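Structural characterization, general
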Amino acid sequence: MRRLHEHLIEDRRDEVAILRIEREEALGALSRSLVESIGSYFEALRDDPAVRVLLLTGTGKGFIAGADIGEYHAVSSDEFDSYQRLSRRVFSTLESLPQITIAAVNGYALGGGFEVALCCDLVVAAERARFGLPEIKLGLLPGGGGTQRLARAAGIRFATEAVLTGRFIDADELRASGVVSRVHPAGELMDRAIELAEEIAGRPPMAVAEAKHVLRTGLEGGLEDGLTIEQQALSRLFGTADAAEGINAFLNKREPRFVGR
Ligand code: CAA
């Protein structure tokens, strides 16, 4: 267990890193210094081949209740702009990490907290989790990609309603709209999330990386472009030792031993 900030700890289980925000008294609200520490962690993780899956979670009933509103009233507009640029950079770094990223949403994921979850490859949630983009109630807008990433993940109408009303959305509703992939009782969330992370970490590394690349970039263009990206990735994989091992193990009815090349 490593403490990275007063409110941030990292734990490792083999190839799975668990990053936990520990600020239960403010429901995981992101102060500027906390965002900076999270950003430094992502920068280091990007070049760490020992980690295959990152699990992000919070503490108690707070995943991340958004930006630290307490810091807002004391800042100038220049400082506010600089905080927005920092958040954008950190969220984009999370989104582009080579590892598979899973948000294990234990409670409130509001504003910047929902936006962090939207940057992850997978979102699993506790039954009690509440998501939302409530910035409109502060006279603001989501500034960490919420309008753009929610519209891409759940559709423009779903996002429009969420942004304009700022309402809280429960985990089951987000599961129905495809943003959350699994919902668990709060007491089981971390065990189930770790199982999922370990399952993915056990899959052949190059195939996982290519699958992430295809799923992410394939949707940016039209269907034909996406199909080409998929086919090219599959061709690259076919020549790998892991593909040979996977096929051979299947034919010989044994467990495969993947080596990552
Ligand atoms: N910033 C700072 N402190 C926060 C916080 C936040 N975003 N969210 C909660 N807290 C603090 C509360 O002030 C409270 O502290 P005290 O005990 O010292 O009073 C503590 O966390 C517990 O919160 P509540 O007493 O309010 O708990 P509750 O169960 O009654 O309500 C809640 C929970 C509905 C999540 C409510 O806390 C809430 O609405 N929080 C604000 C959420 C929000 O608006 N987030 C968006 C921020 S803006 C943003 O993220 C993007 C941007 O840059 C534009």
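See the structure above.
Residues numbered from 1 in each chain as written. Predicted model: local features only at pLDDT ≥ 70, side-chain atom pairs only at ≥ 80, totals over all residues.

Quick look at the sheet that holds strand S9 (residues 130–132)
Adjacent strands of a sheet form backbone hydrogen bonds with each other and so pair up, either parallel or antiparallel. Spatial strand order, S5-S7-S9-S10: four strands in an open sheet with mixed pairing. For this open sheet the edge positions go to strand S5 (62–64) and strand S10 (169–170), each flanked by a neighbour on one side alone. In this structure, S5 lies alongside strand S7 (residues 108–110), joined through two bridges in parallel fashion. Residue pairing in the sheet places Ile64 in a bridge with Ala109 of S7. (Pairing = 2+ DSSP bridges. Helix = DSSP H or I, 4+ residues; strand = E, 2+ residues; numbered from the N terminus.)

Remarks on the environment of Leu34
Its location among the elements puts Leu34 in helix H1 (residues 32–46). Counting along the chain gives 160 residues from Leu34 to Ile194, while the straight-line C-alpha distance between them is 24 Å. Leave out the neighbours within four places in its chain, and Leu34 touches His5, His7 and Leu8. (Contact = placed C-beta atoms within 7 Å.)

A closer look at helix H6 (residues 156–165)
Those residues of H6 not exposed but buried are Ala159, Ala162 and Val163. The buried residues of H6 occupy one face: seen down the axis, they fall within an arc of 95°. Exposed residues pointing more than 90 degrees away from the buried face of H6 are listed as Arg157 and Leu164. Looking at the buried residues of H6, the elements they touch are S9, helix H5 (146–154) and S10. Positioned one or two residues after H6, Gly166 has a phi angle of 70°, which is positive. (Buried ≥ 20, exposed ≤ 12 C-beta atoms within 10 Å, placed from the backbone. Arc of directions from axis to C-beta.)

Here we look at the environment of Ile200
Mapped onto the elements of the fold, Ile200 is located in helix H8 (residues 189–201). Overall, the presence of 20 C-beta atoms within 10 Å leaves Ile200 in the buried class. A sequence separation of 100 residues divides Ile200 from Ile100, and the C-alpha atoms of the two residues are 8.1 Å apart. Here Ile200 is in contact with Val53, Ile100 and Val208, once residues within four sequence places are set aside.

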